[in-house]
Amino acid sequence: MGDQYRGKEIRRDALPQDRIPPGQFVTSKFPVLTYGPTPRIDPARWRFRLFGLVEGERLLTWEEFQALPRTTVTADFHCVTQWSRLNNVWEGVRARTLVEMARPRREARFVLVHCYGGYTTNLLLEDLLADTTLFADRLDGQPLSPEHGGPLRLVVPHLYGWKSAKWVNGLEFMDREVPGFWEQRGYHMRGDPWKEERFWGD
Ligand SMILES: Nc1nc2c(c(=O)[nH]1)N[C@H]1C(S)=C(S)[C@@H](COP(=O)(O)O)O[C@H]1N2
Ligand SMILES: [Mo]
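Residues numbered from 1 in each chain as written. Chains lettered and ligands numbered in written order. Predicted model: local features only at pLDDT ≥ 70, side-chain atom pairs only at ≥ 80, totals over all residues. Heavy atoms only, no water.

**Some words on helix H2 (residues 95-102)**
Burial analysis of H2 places six of its eight residues in the buried class, the great majority of the element. Looking only at H2, the buried set comprises Ala-95, Thr-97, Leu-98, Val-99, Met-101 and Ala-102. At the C-terminal side of H2, Arg-103 shows a positive phi close to 50°. (Buried < 20%, exposed > 50% of the residue type's maximum accessible area, 1.4 Å probe, protein only. Helix = DSSP H or I, 4+ residues; strand = E, 2+ residues; numbered from the N terminus.)

Laid out in structure tokens, this is it:
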């Protein structure tokens, strides 16, 4: 895309400020943001449940999950506490692949994401269907560390970081919007960083 800057034609994606939502600053570190302790999950006992208003209820093992088609997404990560980490290279399985396995009923337009440790977050079904939403087990060429959500986390790059649930263990498909852990405590139901949807009611 062409833009003018001091009379020169420049590429829009070369302008970092266009990539940083309002009120955010860039960090080169990757802070760990967790409420409570880091769960440690033995892959042999790991399970992932697709349930609720679905035709294809499933309980996946780690082996079954690993057999799914894989994808790589390079994306920026924006935490509501104002740090952004750019160019994260996530590898895993597209969330859409899991939705297709679950075969949600027509009325199931909302999803509650469940995690080991009890954390939850709510999403619209369409947020899971986005091309860049994935369940990641690798980051920047390495297996995902326990602190950052290993063995498996959700990554929803177009929403604030609290929607990118770590240590995921299930998707519950619903016909109404049920607030998750932070949403019950005042965070926004949607959380679009470009609209600064930080707190509900602002
Ligand atoms: N299960 C779980 N997932 C979670 C959280 C949490 O406390 N528990 N924190 C969220 C928040 S607020 C952010 S910003 C990101 C941070 O991810 P990181 O710790 O890998 O930086 O994880 C999100 N996912
Ligand atoms: Mo966050």
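And the narrative resumes.
**As for the pattern of salt bridges**
All told, the structure shown has ten salt bridges when counted by the stated rule. In this structure, the salt-bridge partner of Arg-138 is Glu-91, at a minimum N-O distance of 3.6 Å. Taken together, the residues span a long stretch of sequence, with Arg-138 in strand E10 (residues 134-139) and Glu-91 in strand E7 (residues 83-94) at a distance of 47 residues. One salt bridge in this structure joins Arg-96 and Asp-131, with 2.2 Å as the shortest N-O distance. Residue Arg-96 is found in helix H2, and its partner Asp-131 is found in the loop between helix H3 (125-129) and E10; the two are separated by 35 residues along the sequence. Residue classification places Arg-96 among the partly exposed residues on the basis of a relative accessible area of 24%. (Salt bridge = Lys/Arg side-chain N within 4 Å of Asp/Glu carboxyl O.)

In short, the description is geometric, and any link to function would need to be established separately.
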